[in-house]
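Residue strings, one per chain:
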Amino acid sequence: MTAETFAQAIVLFACSVALFLMCVAFFLTVWRVISGPTLPDRIVALDMLVAIAIGFLAVIAIKTGFNLYIDIAISLGLVGFLATVALARFVLTQGMPEDDRDPLATTGARHGKGPTQRKQRPTRRGRAR
Amino acid sequence: MMAVVFALVVAVMLIGGGIFTLLAAVGVVRLPDVYTRMHAASKAGTVGSGLMLVAAGLHAGEFAVLARAFAGFFFFVLTAPVAAHLVAKAAHHAGYRLSRGATCDDMRDHTKK
Amino acid sequence: MVTLFTGIVFAIVWAAVTGSLSPLNVVLGFLLGLMALWIIRRDFAGTRTVVRPGKLLSLLALFVKELALSAWRVAVLVASPKMDLRPGIFAYPLKVDRDIEITLLANLITLTPGTLSVDVSEDRRFLYVHALDCSDPAAVKRDIATGFERKILEALR
């Protein structure tokens, strides 16, 4: 085996490992997008998905040798940034949607102590601050 | 010999970027509230995808591609905090609260006054 | 002078993005940069910034170091089986007061370990910072004041 082919094998192996890691990351983030529990959580997760897609594009650029993918990755980053900004503006102007009013929803499932602790609060409390 | 060293550098950056991205995703899943999740997404996520992009630029072995990869990395580093800042601000204004273990929230106290 | 300097920076960025260092391309980038500056000239009126390149480079070095460190810290925190979190938002009293300085400081704070800037108060006296470990806000405030804020003041004033 010459040094050239050895080097190529190393890079291809790293590509496979990276693709595997990205796949796991992708599905974890998709789970967060689906389960929420709140709108900003989903926005953050979507932003993360864009970062993962950029990573995918970088790996594909190495695997296929098309350097044009790097330009695509940069454009995707720009579009993703604009999308996140637009969604953030949406939250800023629209306020909290009805589904997120539950006071325990924002604390996350892991720290919530179940619905028995839920106090009856006026729903406008979230807005008042 | 040079080619092998070069390939190793690219491979380490690729796998390192992959690990950072994976840990950022784990953070987005594990951390308790929006604000802490943003920490994971905006730092580890940016560094992860940025590392992979620079690895792709290095592997191409051309100045033009490497310069573009670095420009992209710079761009991500510049925009990630702005996006995180805007989402955090919007979430706080809309009234999303910090998680249960939070110790202090000066912002709420200040705006209350 | 500032316009010329910004134009040169734009030309370098243009050369990097288009990926060609030929003189003609750099000149084209410089002209495009000047045109872009001309379009936004209204927003520039009245802001005179002194830039010290040496201090700016040292700020950049600190920033890259902190970025790597912060990604590492978040990764370690997330990977540890029992996350020790004491999140909170504290108000950081700002010494810097111009738009560019506040923007720079907010961006730098976001990319440092465990802190994320959330908002600037209406009167621009406080920067609200979310910290992963807010058990000792005074120490974090001291770190920012002696680290980034001092460097920004040195580089831009």
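Refer to the structure printed above.
Residues numbered from 1 in each chain as written. Chains lettered and ligands numbered in written order. Predicted model: local features only at pLDDT ≥ 70, side-chain atom pairs only at ≥ 80, totals over all residues. Heavy atoms only, no water.

1. Some remarks on the interface of chain C and chain B
Then step 1. Contact residues are listed per partner, giving 41 residues for chain C and 41 residues for chain B.
Then step 2. Taken together, both faces of the contact between chain C and chain B bury some 3,400 Å²; the carbon and sulfur share is 73%.
Then step 3. Per-residue buried area on chain C facing chain B is highest for C:Val78, C:Ile89 and C:Leu116; these three make up 17% of the total on that side.
Then step 4. Inspection of the region where chain C meets chain B yields 1 salt bridge.
Then step 5. Two residues, B:Lys89 and C:Asp119, come together in a salt bridge whose shortest N-O distance is 3.4 Å. (Contact = heavy atoms within 4.5 Å. Buried area = accessible area lost by both parts, 1.4 Å probe. Salt bridge = Lys/Arg side-chain N within 4 Å of Asp/Glu carboxyl O.)

2. Focus on the interface of chain B and chain A
One frequent convention defines the size of an interface as the accessible area lost when the parts assemble.
Then step 1. Each partner contributes residues to the interface: chain B has 59 residues there, and chain A has 67 residues.
Then step 2. Surface buried jointly by chain B and chain A totals about 5,300 Å² across both partners, of which 75% is contributed by carbon and sulfur atoms.
Then step 3. Linking chain B with chain A are 2 salt bridges.
Then step 4. Residue B:Arg68 is joined to A:Asp71 by a salt bridge in which the shortest nitrogen-to-oxygen separation is 2.8 Å.
Then step 5. Counting every contact that joins chain B to chain A gives 4 residue pairs in polar contact (both at pLDDT 80 or more).
Then step 6. Those elements giving two or more residues to the side of chain B that touches chain A turn out to be helix H1 (2-30), helix H2 (34-60) and helix H3 (63-94) of chain B.
Then step 7. Tallying contributions element by element places H1(B) first for the side of chain B that touches chain A, with 18 residues.
Then step 8. A class-by-class count of the residues in the side of chain B that touches chain A yields 39 nonpolar, 11 polar and 9 charged. (Polar contact = N/O pair within 3.5 Å; in protein donor to acceptor, adjacent residues only side chain to side chain. Helix = DSSP H or I, 4+ residues; strand = E, 2+ residues; numbered from the N terminus. Nonpolar A, V, L, I, M, F, W, Y, C, P; charged D, E, K, R; others polar.)

3. Things to note about the environment of B:Val9
All names here are of chain B.
Then step 1. Within the secondary structure, valine 9 is located in helix H1.
Then step 2. Using a relative accessible area of 39% as the deciding quantity, one classes valine 9 as partly exposed.
Then step 3. It is 9.3 Å that separates the C-alpha atoms of valine 9 and histidine 59, two residues lying 50 residues apart in sequence. (Buried < 20%, exposed > 50% of the residue type's maximum accessible area, 1.4 Å probe, protein only.)

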